[in-house]
Amino acid sequence: IVDACTTLAVGKKATADGSVMASHSADGGGNTDPRLVRIPSGRFAEGSMRPVFGSPESYPRYVGIDPRSPQIPIPEYLSENCEDGRAKCLDWKPIGEIPQVKETFSYSEAVYGVMNEKSVGIAESTCSAVYTAQPLDVGGNSLLSINALSQIALERASSSREAVQLMGDLAITYG
């Protein structure tokens, strides 16, 4: 058994129709949370803050409401749909927050952000070296995991270049 994620990338010259494809399996530890969830687009009042939740990657990951706003229920995140029992899934609290943007795009996520309505897709691979900062909720100084960064990028970016820049800027600002 191998505990590793797999990323596949195919360039336009390798496909019959010129498509470019990227794929990522989040199967590193064998207990990841594979639920594919669609997050709707949203509009937010000026001065709103976006909560950031810890990212354990194992089942169950964040279970509750839309990670961007407490006002938007998402069935896959509701505690009554948690296979580990309602009590375990009620204790998810944000570890911090960042300023919210006025409008966000819809996207799909499954541990990591997958693709948004603008066709910006993300495939992540930690390869053989994983360097991490400890998150705020366990005494570290980092607010954003790669999981959160990929989700925030898909909420806000309309191009791959914009997503990369945004993730870099957020990582520098919030750790």
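Our subject is the structure listed above.
All values reported here derive from a predicted model rather than from experimental measurement. (Residues numbered from 1 in each chain as written. Predicted model: local features only at pLDDT ≥ 70, side-chain atom pairs only at ≥ 80, totals over all residues. Heavy atoms only, no water.)

Peer 1: For this particular structure, what's the right way to read the overall build of the protein?
Peer 2: Secondary structure summary: the protein contains three helices and nine strands in total. For the protein, the N- to C-terminal ordering of α and β elements is β-β-β-β-β-α-β-β-β-β-α-α. Burial analysis of the protein (175 residues in total) assigns 37% to the buried set. Put simply, 68% of the contacts in the protein that link residues at least 6 apart link residues at least 24 apart. (Helix = DSSP H or I, 4+ residues; strand = E, 2+ residues; numbered from the N terminus. Buried < 20%, exposed > 50% of the residue type's maximum accessible area, 1.4 Å probe, protein only. Contact = heavy atoms within 4.5 Å.)

Peer 1: Got a minute to help me understand helix 3 (residues 160-174) in this structure?
Peer 2: Every α-helix carries 3.6 residues per turn, so stepping three or four residues along brings you back to the same face. Its 15 residues give helix 3 an end-to-end C-alpha distance of 21 Å, which sits within 8% of 21 Å, the value for a rise of 1.5 Å per residue. For helix 3, the complete set of buried residues consists of Ala163, Leu166, Met167 and Leu170. Down the axis of helix 3, the sector holding all buried residues measures 100 degrees, keeping them to one side. With respect to the buried face of helix 3, the exposed residues turned more than 90 degrees away are Arg161, Val164 and Ile172. Those residues of helix 3 that are buried lie in contact with strand 6 (96-99) and helix 2 (146-156). Backbone geometry just downstream of helix 3 places glycine 175 in the positive-phi region, at approximately 75 degrees. (Expected span 1.5 Å × (residues − 1). Arc of directions from axis to C-beta.)

Peer 1: What should I look at first to understand the packing of helix 2 against helix 3 in this one?
Peer 2: What describes two packed helices is the angle between their axes and the distance between those same axes. Running from N to C, helix 2 and helix 3 point in directions that differ by 130 degrees, and their axes come no closer than 9 Å. As judged from the angle between their axes, helix 2 and helix 3 are oblique. The interaxial crossing formed by helix 2 with helix 3 has right-handed handedness. On helix 3, the residues touching Leu149, Ser150, Ile152, Ala153 and Arg156 of helix 2 are Glu162, Ala163, Leu166, Met167, Leu170 and Ala171. Residue composition of the contact of helix 2 with helix 3, grouped by class: eight nonpolar, one polar and two charged. (Axes fitted to C-alpha atoms, helices over the stretch in contact; angles between N-to-C directions. Parallel < 35°, antiparallel > 145°, perpendicular 65-115°, else oblique. Left-handed = near helix turned anticlockwise from the far one by under 90°. Nonpolar A, V, L, I, M, F, W, Y, C, P; charged D, E, K, R; others polar.)

Peer 1: Is there a simple way to think about the pairing of strand 9 (residues 112-116) in this case?
Peer 2: A regular strand carries its side chains on alternate faces of the sheet. Judged from the four bridges that link them, strand 8 (residues 107-110) and strand 9 form a sheet pairing that is antiparallel. Each residue of the ladder has a partner; that of serine 108, found in strand 9, is methionine 115. The hairpin turn running from strand 8 into strand 9, its antiparallel successor, is one residue long, and valine 111 in that turn takes a positive phi close to 75 degrees. (Pairing = 2+ DSSP bridges.)

Peer 1: Please clarify how the nonpolar core should be interpreted in this entry.
Peer 2: Here is a general trend for soluble globular proteins: nonpolar side chains tend to be buried in one another's company. Counting 20 residues, the largest nonpolar core has Val52, Ile98, Leu143, Leu144 and Leu170 as its most contacted members. Of all the secondary structure elements, the ones that give two or more residues to this core are strand 3 (37-39), helix 2 and helix 3. Ranked by residue count, the leading element in this core is helix 2, at five residues. (Core = buried A, V, L, I, M, F, W, Y, C linked by side-chain atoms within 4.5 Å.)

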